[in-house]
Amino acid sequence: MKTENTVDVVVAGAGPVGLTLALFLARAGRTVTVLEREAGPNEAPRAMVYLHSLLPDLAGIGMLDPMRGVGYEDHEGLNLHLASTGELISIPNTALEGEVDYPFNVHLGQGEYCRLAIAQLMDMPNVRLRFNSEVTGFADSKDGVSVQVAGEDDVTARYLVGSDGGQSLVRKQLGATLEGFTWTDRFVATNVRFPFESMGFFGSNMYVHPEIACIISRINSDGLWRVTYQEPESLPVETVEDRIPEHFHKLTGGRDVDVVSFNPYRMHQRLSTKLRSGNVILAGDAAHLTNPTGGLGLTTGLYDVVLLQETLRAVLDGADEDALDYYEAERSRVFREVTSPNASSLKTLLYESSTPELLEQHIAPIRQLAGTESGQRQFLHGLDAMRSPALTAAAR
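To keep things clear, this report deals only with the structure shown in the data block. Everything numeric here is computed off the predicted structure, so don't read it as measured data.

Details of helix α6 (residues 240-252)
Taking 1.5 Å of rise per residue, the 13 residues of α6 would be expected to cover 18 Å, and the 19 Å separating its terminal C-alpha atoms lies within 8% of that figure. Among the residues of α6, those classed as buried are V240, R243, I244, H247, F248, L251 and T252. Buried residues along α6 cover an arc of 160° about the axis, so they all sit on one side. Exposed side of α6, more than 90 degrees from the buried face: D242, P245 and H249 are the residues found there. The secondary structure elements touched by the buried residues of α6 are β12 (178-193), β13 (204-208), β14 (214-218), β15 (224-232) and β16 (258-272).

Shown next, in the form of structure tokens:
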């Protein structure tokens with residue numbers, strides 16, 4: 001099946017995970033084709049926080065400097081506002097100064113991140129970016145993968161990576177299913193313009209309130225903010241927009257808020273029954289889904305990329321393909337043991353602390369860590385638990 005036009009890797013899906021993987025591989029000299037069914041990046045309010053623990057990896061592929069140029073550097077870290085008591089619990093990223101190269105997070109809309117990655121990939125001769133190209137299936141053999149594209153010729157590759165989101169066609173074609181559960185609530189993510197700093201909010205906030213709990217984060221330095229709250233899934237999704245003003249009326253005390261865009265979505269804690277079969281591998285939301293409290297979904301997907309790019313480079317250089325089994329096992333373990341329980345715990349703290357006793361139960365461990373600089377550093381360094389040991393380390 002291999003032809004002169006066969007590339008090393010086809011990436012299905014041009015979101016942050018797929019484009020970041022393409023950048024890693026292309027900078028290592030590999031040939032990559034990215035196939036995306038849409039005409040361009042998704043502009044809906046979606047993931048937007050790039051945690052400090054990932055910034056060295058992004059710097060290594062030339063992404064960090066452009067991100068800092070247009071995004072918001074969050075040095076203030078996590079800020080928990082307890083409306084019932086007026087307490088503020090903060091774990092600032094500045095606690096890492098002198099210990100890490102980048103003691104801050106970067107906030108940047110997903111669409112903007114993708115545009116920055118595309119700009120780099122467009123200048124690379126070993127990459128082909130193909131938008132309006134929908135993957136409809138694939139045929140896998142011992143020699144590689146033939147990827148079918150709607151209305152176009154097949155694309156052949158040594159490996160196919162499905163980073164095509166929660167409704168992944170690649171995952172479905174593998175015969176894999178998402179196991180886990182779906183929360184009984186709906187998240188509503190909004191991009192708005194409002195001076196939240198005038199209300200005492202910082203760059204990244206969890207507002208714990210019995211009625212209007214939400215996540216409030218600054219997206220950039222031009223007054224654009226992300227506010228994400230939840231509502232019962234039983235409410236009609238068709239009328240989400242009609243209910244948004246009520247939330248902001250309560251949150252701001254009746255002040256005017258400019259709602260730029262919004263995105264309602266269901267929340268899941270689900271892991272694919274397999275992340276790899278033959279020459280086909282899953283990454284990002286195609287492999288696992290988590291509620292976004294704490295920004296752990298995007299972070300886990302990018303950590304998938306960090307291990308997967310190393311693994312693909314190794315097997316393309318002749319390493320045993322058992323290395324791909326290590327990727328599957330490790331990224332499944334991280335989701336089960338780290339991402340899902342931590343994201344679930346944060347969601348429970350924010351939205352389900354309905355009594356003073358429950359709130360104290362949920363907040364006490366974080367308050368204790370926030371009380372000392374060593375505890376703050378422990379919390380912040382703990383975010384790197386979503387990183388898998390490198391393939392080279394595992395082989396020792």
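A closer look at the layout of surface pockets
Its volume calculated, the second largest pocket comes out at about 640 Å³. Going through the elements one at a time, β15, α6, α8 (322-351) and α9 (356-370) are the ones with two or more residues in the lining of the second largest pocket. Looking at the lining of the second largest pocket residue by residue, the classes come out as 14 nonpolar, eight polar and 10 charged.

Describing the sheet that holds β13
Through backbone hydrogen bonds, the strands of a sheet pair up, either in parallel or in antiparallel fashion. Ordered in space as β6-β5-β13-β14-β15-β12-β16-β19, the eight strands form an open sheet in which the pairing is mixed. Unpaired on one side and paired on the other, β6 (87-91) and β19 (288-289) mark the two borders of the sheet. Across five bridges, strand β5 (residues 78-82) lies against β6 in antiparallel orientation. Residue pairing in the sheet places L80 in a bridge with I89 of β6.

Some details on the side chain of D57
Residue placement: D57 occurs in helix α2 (residues 55-60). A distance of 2.8 Å separates polar atoms of two side chains, one belonging to D57 and the other to R387. Excluding its chain neighbours within four sequence positions, the residues that come into contact with D57 are F24, V306 and R387.

What about the environment of L54?
Relative to the helices and strands, L54 resides in the loop between β3 (49-50) and α2. Along the sequence, L54 and V306 sit 252 residues apart, while their C-alpha atoms lie 9.2 Å from each other. Apart from residues no more than four positions distant in its own chain, L54 is found in contact with T299, L302, Y303 and V306.

Looking at the environment of R30
Along the chain, R30 turns up in the loop between α1 (16-27) and β2 (32-35). On the accessibility criterion, R30 (16% relative accessible area) is buried. Residues R30 and V9, spaced 21 residues apart in sequence, show a C-alpha to C-alpha distance of 7.9 Å. Look past the residues within four positions of R30 in its chain and what remains in contact with it is D8, L25, N126, R313, L316 and D317.

Focus on unusual backbone geometry
Of all residues except glycine, most have a negative phi; of all peptide bonds, most are trans. Unusually for a residue other than glycine, N132 sits at a positive phi of about 55°. Within the secondary structure, N132 sits in the loop between β8 (127-130) and β9 (135-141).

Digging into the packing of aromatic side chains
Going through the model one piece at a time under the given rule, you end up with nine aromatic pairs. A ring pair is formed by Y102 and F104, whose centres lie 6.2 Å apart and whose planes are at 75°; its orientation type is edge-to-face. The exposure class assigned to F104 is buried, which follows from its relative accessible area of 3%. Members of the aromatic cluster, joined through ring pairs, are F194, F196, F201, Y207 and W225. Cation over ring: R218 sits above Y72, and NZ or CZ is 5.1 Å from the ring centre. K347 extends its terminal NZ or CZ atom over the ring of W183, reaching a point 4.1 Å from the ring centre.

Cut-offs and rules
Residue indices follow the written sequence of each chain, beginning from 1 at its first position. Confidence filtering applies because this is a predicted model: local features only for residues at pLDDT of at least 70, side-chain atom pairs given and counted only at 80 or more, and all residues used for totals across whole chains, interfaces and linings. Each side-chain value is worked out from all heavy atoms of the structure, with water and hydrogens disregarded. Every helix listed is a DSSP run of H or I at least four residues long, and every strand listed is a run of E at least two residues long, numbered separately from the N terminus. In this scheme, a helix's expected span is set at 1.5 Å multiplied by one less than its residue total. Think of it in three bands: with a 1.4 Å probe and only protein chains considered, a residue is buried below 20% of the maximum accessible area for its type, exposed above 50%, and partly exposed in between. Starting at the helix axis, one direction is taken to each C-beta atom, and the arc is that of these directions. We call two residues contacting when some pair of their heavy atoms lies within 4.5 Å. Here a cavity means grid points, on a 1 Å grid over the protein atoms only, where a 1.4 Å probe fits yet cannot get out; a pocket means an open set of points with protein on both sides within 12 Å along at least five of seven lines; lining residues are those with an atom within 4 Å of a point. Grid points are joined across faces, edges and corners, and a volume is the space filled by probe spheres set on the points. Each residue receives one of three labels: charged for Asp, Glu, Lys and Arg, nonpolar for Ala, Val, Leu, Ile, Met, Phe, Trp, Tyr, Cys and Pro, and polar for the others, Gly being one of them. Paired strands, in this sense, are two strands between which DSSP finds at least two bridges. Identification of polar contacts relies on pairs of N or O atoms within 3.5 Å, with a donor-acceptor requirement for protein atoms, meaning one able to donate a hydrogen and the other able to accept it, and with residues adjacent in sequence counted only if both atoms are side-chain atoms. Note on aromatic contacts: the rings of Phe and Tyr and the six-membered ring of Trp form a pair at centre separations within 6.5 Å, being stacked when their planes are under 30 degrees apart, edge-to-face when over 60 apart, and tilted otherwise. For a lysine, the NZ atom is tested; for an arginine, the CZ atom; a charge sits over a ring if that atom is within 6 Å of the ring centre and within 35 degrees of the ring normal.

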